Amino acid sequence: MYYNWKGRTLVMKKRVLAVLLTTAIVMAMTGCGGNTAAESAASATTQEASAEVAAENEWQTDPTAYLSGITASDYVELPADYSALTVEVEPAAEVTDEEVENLIDSQREAKKELQEITNRSIVQEGDVVNIDYVGRIDGEEFDGGSAEGYNLEIGSNSFIEGFESGLVGAKVGDTVTLELTFPEDYADSTKAGVDAEFDVTVNSIQQYVVPDLTEEFVAGLALQDEFGNDVGTVDEFRAYVRNYLIENNESQYTQRLEEAIRTKLMENSTFKQDVPQAMVERIYDSMGQELSSYAQQYGVDLKTLMQLAYGSTEDSYLQDIKDLAAENAKTTIILQAVADAEKLSMSDADFQAELEKAISSTTGYTSVNDVPKEDIEAYREALDKRSAMDFLKNKATVIAPVAGEGNTGATAAEEEAAQ
């Protein structure tokens, strides 16, 4: 499942119902080589942060934690024009031939392979050299200073200054002694500014080779189009890439449109009383756990993730999550008020059928009886909010931020039909 989160595309494989539970959280967010020890440390820190976020869970016994326990109109008064909003949204960008070729080239680049160079034996800039090396400080080998069969790209600046350049001109089979100095700002303070000596043996020279765009290359990608047909020719691959980019641009447009609608509704709705605290706590709990899962996936802790995504500080990141949860609760109630006013909610029988359909498509549950009450409630909420948002998009008048050719003021439905 793909979510756009503050411009970042995150990938999470979750149970169907759990995904729908998280969708509401993500709506608020969009406007609504490491080593094993380091990864383990990040994971432990993330779990601690997640536990901190989920420490208060009294909401689980409070009916007002869910929309089924409240009447949305008791909390919010919608603007009179909610069914005819005018919003400014940048249209979906056109896909150019250059973008298609650039994405194809990036796919080829991703499939590049190392091949040994046999027609010369002297190391050049840009080569990938396979080396053995031994590092010494004051004549003694030091931890992390030696390796065998290591592939090093000359010019990558992945080793300290002078190491890679010192190998340029060396021949395969040569052993070169490099006398170097660790930089003053080296991460390991015990080596910062320290002189060292490296004996480096060049085993072979290699270069990355990017595959040509051929039918064999395309077949190796094992792609299928929207009809389930194999993508096997170069022309089919170009069409596939173009469609992908078109869908991506349309998806971004839809996200911008929905964000604009949520923002307009939030700005023009009037809350008659505070949203239920239990609902805020429920969303805060779920959001904290989901963010922690994202953080662990990318090898950072929750605090770091919040710093990168929202500019949070060490002291503010948990409060920032709480603020997002409170904002999401307001959006949830507003959209439910729309669903109620327009009678968009499913009947119990239709919802039961939809729930069983969702369960049949996931390995998370075997029957409705296996689904926790909170997941069922969250699923119903997600469906109602989706119905409300679809209604609002179809009714909205969408204009481009900058007046110009093509700015017709067409409804979202008309724009989508025209694309």
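Rules used throughout
Residues numbered from 1 in each chain as written. Predicted model: local features only at pLDDT ≥ 70, side-chain atom pairs only at ≥ 80, totals over all residues. Heavy atoms only, no water. Helix = DSSP H or I, 4+ residues; strand = E, 2+ residues; numbered from the N terminus. Areas by Shrake-Rupley, 256 points an atom, 1.4 Å probe, with all protein chains shown as cover. Salt bridge = Lys/Arg side-chain N within 4 Å of Asp/Glu carboxyl O. Patch = residues over 30% accessible without salt bridge, like charges linked within 9 Å, V, L, I, M, F, W, Y side chains within 5 Å. Lys, Arg positive; Asp, Glu negative; His and termini not counted. Charge placed at Lys NZ, Arg CZ, Asp CG, Glu CD. Buried < 20%, exposed > 50% of the residue type's maximum accessible area, 1.4 Å probe, protein only. Core = buried A, V, L, I, M, F, W, Y, C linked by side-chain atoms within 4.5 Å. Contact = heavy atoms within 4.5 Å. Arc of directions from axis to C-beta. Phe/Tyr/Trp six-rings, centres within 6.5 Å; stacked < 30°, edge-to-face > 60°. Lys NZ or Arg CZ within 6 Å of the ring centre and 35° of its normal. Pairing = 2+ DSSP bridges.

**Student:** When you look at the overall build of the chain in this model, what are you seeing that I'm missing?
**Tutor:** Regarding its fold elements, the chain presents eleven helices and eleven strands. Summed over its atoms, the accessible surface of the chain is roughly 22,800 Å², and 45% of this surface lies on carbon and sulfur atoms.

**Student:** Whenever I open this one, the pattern of salt bridges confuses me. Can you help?
**Tutor:** Summed over all chains, the structure comprises 16 salt bridges. Of the charged contacts in the structure, one is a salt bridge between Arg238 and Glu101, with a shortest N-O distance of 2.8 Å. In this pair, Arg238 is assigned in helix H5 (residues 234-268) and Glu101 in helix H3 (residues 97-110), connecting sequence segments 137 residues apart. Between Asp390 and Lys393 there is a salt bridge, with the nearest N and O atoms lying 3.7 Å from each other.

**Student:** Please clarify how a negative patch on the surface should be interpreted in this entry.
**Tutor:** Together, Asp138, Glu140, Glu141, Glu179, Asp195 and Glu197 make up a region of like negative charge exposed at the surface. Elements with a minimum of two residues in the negative patch: strand S7 (140-153) and strand S9 (195-209). Residue Glu141 is classed as exposed on the basis of its relative accessible area of 54%.

**Student:** How do you make sense of the nonpolar core when you look at a structure like this?
**Tutor:** The nonpolar side chains of a soluble globular protein tend to be buried with one another. Core analysis: the biggest nonpolar cluster contains 47 residues, and Ile261, Leu265, Leu291, Ile321, Ile333 and Leu392 have the highest contact counts within it. Looking at this core, the elements with two or more residues in it are H5, helix H6 (277-297), helix H7 (302-310), helix H8 (317-341) and helix H10 (373-395). Residue contributions to this core peak at twelve residues, all from H8. If we skip the residues at most four places from it in the chain, Ile261 touches Leu85, Val87, Met389, Leu392, Lys393 and Ala396. One finds Ile137, Phe182, Phe198 and Val202 within the second-largest nonpolar core, a separate group that totals 23 residues.

**Student:** So what exactly am I meant to see when it comes to H7 here?
**Tutor:** Since the α-helix advances by 3.6 residues per turn, residues separated by three or four positions end up pointing in the same direction. For H7, the complete set of buried residues consists of Leu302, Leu305, Met306 and Ala309. Down the axis of H7, the buried side of the element spans an arc of 95°, and every buried residue falls inside it. Gly311 lies just past H7 and shows a positive phi near 70°.

**Student:** Explain the packing of aromatic side chains here, please?
**Tutor:** In this description, a pair of aromatic rings is defined by centroid distance and the angle of the planes. Scanning the entire structure with this criterion turns up 13 aromatic pairs. Their ring planes at 70° and their centres at 6.4 Å tell us that Trp59 and Tyr66 sit as a pair that is edge-to-face. Trp59 sits in the buried class, given a relative accessible area of 6%. With centroids separated by 5.7 Å and ring planes inclined at 80°, the aromatic side chains of Tyr133 and Phe163 adopt a geometry described as edge-to-face. Residue Tyr133 is located in strand S6 (residues 128-137), and its partner Phe163 is located in the loop between S7 and strand S8 (175-181); the two are separated by 30 residues in the primary sequence. Exposure class is identical for Tyr133 and Phe163. Each is buried. Here the basic side chain of Lys112 rests over the ring of Tyr208, its NZ or CZ set 4.4 Å away from the ring centre. Above the plane of the ring of Phe351 lies Arg380, whose end atom (NZ or CZ) is 4.1 Å from the centre.

**Student:** Would you take a moment to explain the pairing of S9 for this structure?
**Tutor:** On any regular strand, side chains alternate: one points to one face of the sheet, the next to the other face. The pairing of strand S5 (residues 113-116) with S9 spans four bridges and is antiparallel. Bridge pairing in S9 links Leu114 to Tyr208. Pairing between S6 and S9: nine bridges, direction antiparallel. Counterpart to Val129 in the pairing with S9 is Ile205. Here S8 runs beside S9; their pairing, made up of seven bridges, is antiparallel. Among the inter-strand pairings, Thr177 is bridged to a residue of S9, identified as Asp199.

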